[in-house]
Amino acid sequence: MCGFSTYLYLDYDSKNGKPAFPRLDLDASLESIKSRGPDSRGTYVSPCGRCALGHVRLSIIDLEGGKQPLSNHANTIHAVVNGELYDHDRLIDELTAHGHQFKTRSDSELALHFYEDFDVDFVQKLRGEFTVTIWDERKKQFIVARDRFGIKPVYYTIYNGIFMVASEIKAFLALGWKPEWDLNSIGVYKVPPAHYMTVSASGSIVTQQYWDAEYPDKRVEDTRSVDEMIKGVHDRFLEAVRLRLRADVPLGIYLSGGLDSSAVAGVATHLLRQKDPNAKVEAFSISFTDAGIYDEGYIAERTAKFCDANLHKMSVTQEEMVENFEEAIWHTEQPSSNLNTVGKFMLSRFVRDKGYKVVMTGEGSDEHFIGYSFFQNDYLREPDHSSPGGFGTIPDEKRQKMLRQKMLDECLEMGFHFQKRSKTAHRWCNSTMQDVMCRFGSLNVNFYNQNVLDYHGMPEPATSMLNSLSAVTREKARQKWHSVHSALYLASRTFLPNVLCNHLGDRIEMAHSIEARTPFLDHPLCEYVNSLPPSVKLRGLDDGNHLNEKWILKKAMEPYITQEIFDRTKHPYIAPASNPEEDAIVKILNKWIVKEKIDKLGFIKWDFVQEQKELLIKTGHRDAYKDMLVLMSYCILSDRFGIPPAYF
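Residues numbered from 1 in each chain as written. Predicted model: local features only at pLDDT ≥ 70, side-chain atom pairs only at ≥ 80, totals over all residues. Heavy atoms only, no water.

> Break down the overall build of the protein for me, with residues and values.
A tally of helices and strands in the protein yields 28 helices and 21 strands. Its C-alpha radius of gyration of 25 Å places the protein within 12% of the 26 Å reference for a compact globule of 648 residues. Taking the principal axes of its C-alpha atoms as reference, the protein extends roughly 80 × 65 × 50 Å. Expressed as a percentage of its 648 residues, the buried residues of the protein come to 61%. Contacts in the protein between residues at least 24 apart in sequence constitute 72% of all its contacts with a sequence separation of at least 6. (Helix = DSSP H or I, 4+ residues; strand = E, 2+ residues; numbered from the N terminus. Rg over C-alpha atoms; globule rule 2.2 N^0.38 Å. Buried < 20%, exposed > 50% of the residue type's maximum accessible area, 1.4 Å probe, protein only. Contact = heavy atoms within 4.5 Å.)

Take a look at the structure:
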């Protein structure tokens, strides 16, 4: 687990008829992301100066020998890798037997050797969470690749004819990049999950997809037995956890009161005790002081006792959450609409202060096992004809009745009827999932000033979300996949990499030099779970009036979790909203939500902001609270990055 900053000249000045490539300040760039790799630092600059690779290392595997950048024996291919590649001991031995000569026992070196054999197809051979940058001196070819789910971040921009790639946006500042608003970003873009980019010496840039999620035909009944499916989940999850236990430093587990982290803790304990009957896992949990239903600390304590784990619990107050908001946003580098990010930010610091570098987490389960309650409408939208013998399905009349009730509840929750007002439901199997997700992450149109609306047009975030998917995928969603599988795909391609893996993942963990491993995002496990019928994941109960989320995961994990966890309804990790009557939230509002800072953005209307700020302070209005956090995020990023106002 590390970070990198790299660049490639696409254009150049000529001196005496020869290309000239001025050296950029790579050391300063790496210094800005040193929290990602405090253990060592290295750089490579090509002989002509055209390409440079910089790397900061958090040493986890091969502590002494795994320094980067990496180079092949011919010194013609060079690479920097961020992340973790699993099963590396076996793969290194296999490649060595076929004539490859490794310089280290580091998992990262696998990428270099697979590239030698398979060129850009090397990404197909990698298992884990990763971003990779390769410079091929022979071909003058620059390659950037990202893992299948977007667990690890990688950003790129082109500035003054220089293609820049880094693990964090702030790394570009020292390379001479000047940020500016363009309403879609600040002139920086992400390599999409499961894609790689190839950049040639002539400056051509090609982005290609190398993997995608697939789901079964909803019209075809699955021939596997339910018991076979349960065993399939069980065996693949144990393998995913086993691979992620491999580390040359102590490893911990984030433990909440939910099924996912409890399953990780239970399985990890089981596997460790196969080698050492006295082995114990180190579990880390967050407890929100005076938070009522939001505090799952006591459930985590009972789970830790069941696993015989050593539990380290951190208690957090509302005031501490608010005080850490600014720094958390600086590290995530994107707006946040709640305080979940801050809670995870503080927990990661707590883990680091306890002397740990590596943790396992439960992220990614809900997007595959139908965990979130907002998936249930899409499950009920059409019958499941693929479940063997109709297992777990609901009689049609009861299914439709339940759908009508849930849609009514959604309307009351959201304040209006999505189905009637959605402009995109007909494009996505009549689902309003995209509207729901966008509502929680985007600002009300009334916040934007008229100049930006005249220039860019009315914002349509749900349309943008669907348009980010391929036309082939949209057609599968409408014609082939069950509607809940379409919803899972949408969430795993948008919400998962852009929100969950950022706000609750890499950016918030690496802010404190913590590597997090996500066994639920092991792609062989995910491919298997995606192949299962919807009704074994979200099972209708025998009374036909209730749904049991993640049923097959519960059954597969039953030996490793408490009865309390097995019976418990899904509760997502949520940090409690701060009380606007408390001094802490008012203090930070008065620091950031002021006319001077809002006007400096250049695209937000102060009068409406002022109204919503007063509404929040007086009433604690939920939407106003969300919007104020997003606006504070923009102001913090504007201030820390030194972004000039947007003009239209």
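> Summarise the environment of Glu475; cite the residues concerned and give the values.
Along the chain, the position of Glu475 falls in helix α17 (residues 471-479). Note on Glu475: relative accessible area 37%, which makes it partly exposed. A sequence separation of 47 residues divides Glu475 from Trp428, and the C-alpha atoms of the two residues are 8.6 Å apart. Within the structure, the side chain of Glu475 is placed 3.0 Å from the side chain of Arg478, a separation counted as a polar contact. (Polar contact = N/O pair within 3.5 Å; in protein donor to acceptor, adjacent residues only side chain to side chain.)

> Report on the packing of helix α4 (residues 226-244) against helix α5 (residues 259-275), specifying residues and quantitative values.
Look at α4 against α5: their axes get within 10 Å of each other, and the N-to-C directions meet at 75°. Taken as axis vectors, α4 and α5 run roughly perpendicular relative to one another. Note on element contacts: α5 touches α4 through Ala263, Val264, Val267, Ala268, His270 and Leu271, opposite Phe237, Leu238, Val241 and Arg242. In terms of residue class, the contact of α4 with α5 is built from eight nonpolar, one polar and one charged. (Axes fitted to C-alpha atoms, helices over the stretch in contact; angles between N-to-C directions. Parallel < 35°, antiparallel > 145°, perpendicular 65-115°, else oblique. Nonpolar A, V, L, I, M, F, W, Y, C, P; charged D, E, K, R; others polar.)

> Explain the sheet that holds strand β16 (residues 282-288) to me, using residue names and the numbers behind them.
Pairing is parallel across the open sheet formed by five strands, whose spatial order is β17-β16-β15-β18-β19. The strands lining the two open edges of the sheet, one partner per strand, are β17 (310-316) and β19 (515-517). Strand-to-strand twist across the sheet, computed as the mean angle between neighbouring axes with direction ignored, equals 30°. With three bridges joining them, strand β18 (residues 358-360) and β19 adopt parallel strand pairing. Residue pairing in the sheet places Val359 in a bridge with Ala516 of β19. (Pairing = 2+ DSSP bridges.)

> So what's going on with the packing of aromatic side chains? Which residues, and what values?
Considering all chains together, one arrives at 26 aromatic pairs under this definition. Summarising the aromatic geometry, the rings of Tyr7 and Tyr9 are spaced 6.0 Å apart at their centres and angled 80° between planes, so their arrangement reads as edge-to-face. The pair formed by Tyr7 and Tyr9 is uniform in burial state, with each residue classed as buried. Aromatic side chains Trp177 and Phe641 sit 6.3 Å apart centroid to centroid with 80° between the ring planes, which places their arrangement in the edge-to-face category. Of this pair, Trp177 sits in the loop between β11 (162-166) and β12 (189-190) while Phe641 sits in helix α28 (residues 622-641); the two residues are 464 residues apart in sequence, bridging distant segments of the chain. Per residue, the accessibility class of Trp177 equals that of Phe641, and both read buried. The structure contains a cluster of three or more aromatic residues connected by ring pairs, namely Phe142, Tyr156, Phe163 and Tyr189. Geometry around Trp330 places Lys170 over its ring, the cationic atom sitting 4.6 Å from the centre. (Phe/Tyr/Trp six-rings, centres within 6.5 Å; stacked < 30°, edge-to-face > 60°. Lys NZ or Arg CZ within 6 Å of the ring centre and 35° of its normal.)

> Residues and numbers for the sheet that holds strand β8 (residues 128-136), please.
Paired through backbone hydrogen bonds, the strands of a sheet run either parallel or antiparallel to each other. Pairing within the open sheet is antiparallel, and its six strands lie in the order β6-β7-β8-β9-β13-β14. Of all strands in the sheet, those with a lone pairing partner are β6 (70-71) and β14 (205-209), marking the two edges. Along the sheet, helix α3 (residues 109-118) makes contact with β6, β7 (77-85), β8 and β9 (141-146), crossing β7 at roughly 130°.

> Give me the nonpolar core: which residues, what numbers.
With 78 residues, the main nonpolar core has Tyr7, Phe172, Phe325, Ile593, Ile604 and Val609 as its most contacted residues. With 12 residues, α28 is the largest single contributor of residues to this core. Apart from the residues within four sequence positions on either side, Phe325 is in contact with Ser336, Asn338, Leu339, Val342, Ile588, Leu629, Met632, Ser633 and Ile636. Residues Tyr215, Trp428, Ala477 and Val484 belong to the second largest nonpolar core, which totals 65 residues. (Core = buried A, V, L, I, M, F, W, Y, C linked by side-chain atoms within 4.5 Å.)

> Please give an account of the environment of Ile636 that cites residues and values.
Of note, Ile636 is situated in helix α28. Its relative accessible area of 0% is what places Ile636 among the buried residues. Ignoring any residue separated from it by four or fewer positions in sequence, one finds Ile636 in contact with Phe325, Glu326, Ile329 and Trp592.

> Break down unusual backbone geometry for me, with residues and values.
Note the cis peptide between Gln68 and Pro69, where omega equals 5°. Relative to the assigned elements, Pro69 resides in the loop between β5 (51-57) and β6. Phi is positive for Asp62, close to 50°, though the residue is something other than glycine. When its relative accessible area of 17% is taken as the criterion, Asp62 is described as buried. Phi angles above zero are rare outside glycine, and Ser513 is one such case at about 60°. Within the secondary structure layout, Ser513 lies in the loop between α20 (506-510) and β19. With relative accessibility at 13%, the residue Ser513 sits in the buried group.

> How would you explain the pairing of strand β1 (residues 2-9) if you had to name every residue and give the values?
In terms of burial, β1 is largely enclosed, as eight of its eight residues are buried. Burial along β1 is two-sided: Cys2, Phe4, Thr6 and Leu8 and Gly3, Ser5, Tyr7 and Tyr9, pointing in opposite directions, are all buried. Relative to β5, β1 runs antiparallel, the two sharing seven bridges. The residue of β5 that forms the bridge with Thr6 is Leu53. Note that β1 and β11 share five bridges and pair antiparallel. Each bridged residue has a counterpart across the sheet, and for Tyr7 the counterpart in β11 is Met164.

> So what's going on with helix α2 (residues 88-97)? Which residues, and what values?
His88, Leu91, Ile92 and Leu95 are the residues of α2 that are buried. An end-on view of α2 places all buried positions within 100° of arc, on one side of the element. Against β7 and α3 lie the buried residues of α2. Gly99 lies just past α2 and shows a positive phi near 105°. (Arc of directions from axis to C-beta.)

> Tell me about the environment of Tyr12, and please be specific about residues and values.
Looking at the secondary structure, you find Tyr12 in the loop between β1 and β2 (13-15). Overall, Tyr12 belongs to the partly exposed group, its relative accessible area being 42%. Between the alpha carbons of Tyr12 and Thr332 there is a distance of 33 Å; along the sequence they are 320 residues apart. Once residues within four sequence positions are removed from consideration, Tyr12 is found in contact with Pro19, Ala20 and Phe21.

> Tell me about the pattern of salt bridges, and please be specific about residues and values.
Within the structure shown, the criterion is met by 52 salt bridges. For the salt bridge of Asp89 with Arg246, the shortest nitrogen-to-oxygen distance reads 2.8 Å. Here Arg246 lies in the loop between α4 and β15 (251-254) and Asp89 lies in helix α2, a separation of 157 residues in the sequence. For Arg246, a relative accessible area of 29% corresponds to the partly exposed category. Among the ionic pairs, Lys344 bridges to Glu509, the shortest N-O distance being 3.4 Å. Of this pair, Lys344 sits in helix α9 (residues 340-353) while Glu509 sits in helix α20, and the two are 165 residues apart along the sequence. Judged on exposure class, the residue Lys344 and its partner Glu509 are both buried. Taken together, the salt bridges that share partners define one network made up of Arg36, Lys152, Glu168, Lys170, Glu333, Asp506 and Arg507. (Salt bridge = Lys/Arg side-chain N within 4 Å of Asp/Glu carboxyl O.)

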